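# Chain and residue survey
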Amino acid sequence: MFSKILIANRGEIAVRIIKTCRRMGIATVVVYSEADADSMAVEMADETVFIGPPPAAQSYLVADKIIAACRETGAEAIHPGFGFLSENAGFAKRCAAEGIVFIGPNPHAIEAMGDKIESKKFATKAGVSVVPGHIGEIDDTAHAIKISEGIGYPVMIKASAGGGGKGIRVAWTRQDVEEGFPAVKAEAKASFGDDRIFIEKFIESPRHIEIQVLGDKHGNVVHLFERECSIQRRNQKVIEEAPSPLLDAKTRAAMGAQAVALAKAVQYDSAGTVEFVAGQDKSFFFLEMNTRLQVEHPVTELITGVDLVEQMIRSAHGETLPFAQKDLKIDGWAMESRIYAEDPYRGFLPSIGRLVRYDPPQEGEVAGGKVRNDAGVREGDEISMFYDPMISKLSTWAKTREGAIDVMGRALEDFHIEGLGQNIPFLAAVMDQPRFRSGKLSTNYIKDEFPDGFQGLPPSEAQRDLIAAVALSMHRTLLARAAPDQLRRDWIVVVGHEKREVRVIGNGGGVVIESEGKKLHLEGVRWRPGQPSFRGSLDGREFTAAVKPAAEGFVVRHRATTLHVLVLTPRSAELHERLPPKKAADTSKMVVSPMPGLVVTLDVAVGQQVRSGEAVAVIEAMKMQNIIRAERDGVVKAVNAGAGDSVAADEVLVEFA
C-alpha cells in the first residue's frame, strides 16, 4: 500500500480523503493557495505545500506545481478529489510519465468518457441511447443559435469539460442563447481552462438519476446502485438521495447493467458515475459519465457500507475489488443536503464572508438513524469568492425514506450558521413539503414549488405554538435577570401579525403555557441570553429554533418559518397598536448588486433608455457569472461601477432618473 498520498484539492473533499487515509495508515500531503493557508485541510494534513495565489488557474489547476509538490514531499500517488484536475486526462498521463500513481481512472477512460462531447460519440457507437443534440464543437454565438433552432427550444448549453453545475444554461429563446452562450464559454474557460461548448435538447420534467460504478485494474466492474439528484437549482444539485424513489428492481437492474457495460467498454478502473436523464415513465437516456468521485458519494456509502475513497486508493494500488455484484445490497435510505453559502431569500445568490458561528449537528447514531456531516470549515473560517460556495454536506440514514427525511429535518434544525447567507431554511422547507415526501420529483422541482422565489414557509399551527412558547420563555429569562419584580403570569404574545393571550402556569423543571384554550408543556429548555439556538421539548417533541433579538422583541426561526415575536403586557399591547407603521425605503430607481463579487461588464451608460428585463451588468462570484437585469423601464442617471470593480451586496450599480 502507498505510504504517502498527495491530495490535489481543497476544502471538504480534502478533509474527507485525509480521514480515510488516516484510517488506512497513509500519510497525507495537502497543497494550498493563499486563500486556504489557514484551512482545516491544511491543519489536518501531515505535510503541506504552498502552490500560489487564490485563483484556481494559478494554483490548483497548475499541473507543474502539483507534480513539484509530489517530488518535494516524496508522495507516491495523487488523489485529485473532484473538480480541478480530477478529469484531466493530460494530467493523468503526466503523472504516469513522472512515475506517480493517479488515484482515478486510466487516461483512456477519462478521454473516452470524461469529455462530454466525446463520451456522447462513444456512447452512440456503443448503442447506448443518448439525448438528442449537437455532438460537436460550436464556432460562435451565431452558430449556437443556428444549432439551437435546428434542435428546437428548449436546449441546454453545456461546457464540454463542465462539472459541478457550472458552465450550464437552459435556453428557451433565441435571446437566451445570445446571452447564455458567451456566459457559458466564459465560465468554462475560468473554471476548467476549456471553453468548448455543446448543445442538446432539454427534456422537460425529467429526473436526474445516476449509477455509481467501481472498477479495478483486473477487469472487474460493479455498480453500487443509484442516486437520485433531481432537486437542483441552476443545474447545481442541492439534495440527493439513495436509492431513488422512482425505480423498481427491474429498472434499477437495467440501468446498473448499462452503466457497468459502458464502464467495461473503456476498461474503467476506479470510482465513476454514469448519469442518466429519466422520464416519469422510468425511461432513461445516457447523459454523461463523471470519471471521478462525486460530491454526493456519502449517500452511496451510507446504504452500502463501502468507503469509496478507500476503494479508489486500493484500485489505484492494483488490488482486486473485494466484492462481486451479488455481494452488494441496499440497506436503508440516505439523504444528503448541500449546505451552501447563498441567500435563498434573494434568489439563491452567492453569499461570501466569514463563518461567525458554525455549529453543526452532532454526528453518529441518533434516534431513528444516523447523521454524517462532511465539511472542510470551522467557526471563524472564510468562504472565499474564488471557489465553490458549498460549506458542508449533511447526510442522514434511516431504515426508510420517510425516516431519513425526518432525521434530516431534525438535523437541519440543529445546524446553526451566522455571518453569511446560507440555505438551511430552504433545505428544511423541502423536507417538510408533501410533494418531496411523496417522492414525486423532477429537476423542475424548485421552479415548480417556488415559482416566485423562496420566502420561507407559512407557519403551521404547531409552529405558531412553538414560536410563541420560545419567545415567552426567552422574555421571562431576560426579565428574571433584569427586573424579577416585573415577572407576571399573563402576557400578550404577538406572533407575526397574530395576537394571542397567554398565561404561564408553574415553574421548576418545565413551564405550562395556557393559550387559546390549550396547554403547552415546554420542558428541557437549553438557552441562555446571547445564545443563537434555543433547544427544548414542546409537548414531548424535541426541537431547536434559531433565535436572535430584534430592535423590539425577537426573531425566531423554526425550520423554514421565520417570525418576529413580541411579548407584551396587556397595557403595552394596547399602546403598541397605536404606533404608526414604518415605511420601507424606495429603491425602485436603483439597480443594486445582489451579491458581493467582481463586475465583468456594465452594459449601460448615462442617458441611455433601459427597458424592464434588459441586461444591465454581469457580476461574477464563486466562478459563476450572474446577469443583472433592470426591474423597470427608465433613463440612466448615474453609473457607479465599471468592469473590473469589486462590489458589495446591495451596492448601487446604476441609478435611474
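Right above here is the structure, for reference.
Described in the following lines is the structure provided in the data block. Because the structure is predicted, anything quoted here is derived from the model rather than measured. (Residues numbered from 1 in each chain as written. Predicted model: local features only at pLDDT ≥ 70, side-chain atom pairs only at ≥ 80, totals over all residues. Heavy atoms only, no water.)

### Looking at the nonpolar core
- Among the nonpolar cores identified, the biggest contains 64 residues, and Leu6, Ile66, Ile78 and Ile313 are the most heavily contacted of them.
- Sort the elements by how many residues they give to this core and helix α1 (residues 11-24) lands first, with seven residues.
- Isoleucine 313 has contacts with Met1, Phe2, Ile5, Thr20, Cys21, Met24, Ile26 and Ile103, leaving out every residue within four places of it along the chain.
- Counting 40 residues, the second largest nonpolar core, distinct from the first, contains Ala341, Val371, Val377 and Met431. (Core = buried A, V, L, I, M, F, W, Y, C linked by side-chain atoms within 4.5 Å. Buried < 20%, exposed > 50% of the residue type's maximum accessible area, 1.4 Å probe, protein only. Helix = DSSP H or I, 4+ residues; strand = E, 2+ residues; numbered from the N terminus. Contact = heavy atoms within 4.5 Å.)

### A short note on the side chain of glutamine 212
- Inspection of the secondary structure puts glutamine 212 in strand β10 (residues 207-215).
- In contact with glutamine 212, other than residues within four places in its own chain, are Val222, His223, Leu224, Phe225, Arg227, Ala271, Gly272, Thr273, Thr300 and Leu308.

### Quick look at the pairing of strand β29 (residues 533-538)
- Within β29, five of the six residues are buried, which leaves the element mostly enclosed by the surrounding structure.
- Between the end of strand β28 (residues 518-526) and the start of β29, which pair antiparallel, lie six residues, with glycine 530 showing a positive phi angle near 100 degrees.
- Across six bridges, β29 lies against strand β30 (residues 541-549) in antiparallel orientation. By the bridge assignment, serine 533 is partnered in β30 with alanine 546.
- Between the end of β29 and the start of β30, which pair antiparallel, lie two residues, with aspartate 539 showing a positive phi angle near 50 degrees. (Pairing = 2+ DSSP bridges.)

### Quick look at the packing of helix α4 (residues 89-97) against helix α5 (residues 107-114)
- Packing of α4 against α5 brings their axes to within 9 Å, and their N-to-C directions diverge by 175 degrees. It follows from the interaxial angle that α4 and α5 lie roughly antiparallel. Contact residues: α4 offers Ala89, Ala92 and Lys93, while α5 offers Pro107, Ile110 and Glu111.
- Looking at the contact of α4 with α5 residue by residue, the classes come out as four nonpolar, no polar and two charged. (Axes fitted to C-alpha atoms, helices over the stretch in contact; angles between N-to-C directions. Parallel < 35°, antiparallel > 145°, perpendicular 65-115°, else oblique. Nonpolar A, V, L, I, M, F, W, Y, C, P; charged D, E, K, R; others polar.)

### Looking at the sheet that holds strand β32 (residues 561-568)
- With antiparallel pairing, eight strands are arranged side by side around a closed barrel as β25-β26-β27-β28-β29-β30-β31-β32. This sheet shows a mean twist of 35 degrees between the axes of neighbouring strands, independent of strand direction.
- Both β30 and strand β31 (residues 554-558) contribute to a ladder of four bridges, which runs antiparallel. In the sheet register, alanine 546 faces β31, and the bridge partner there is arginine 557.
- Most of the contacts of helix α12 (residues 401-413) go to β30, to which it runs at about 30 degrees, and overall it touches β30 and β31.

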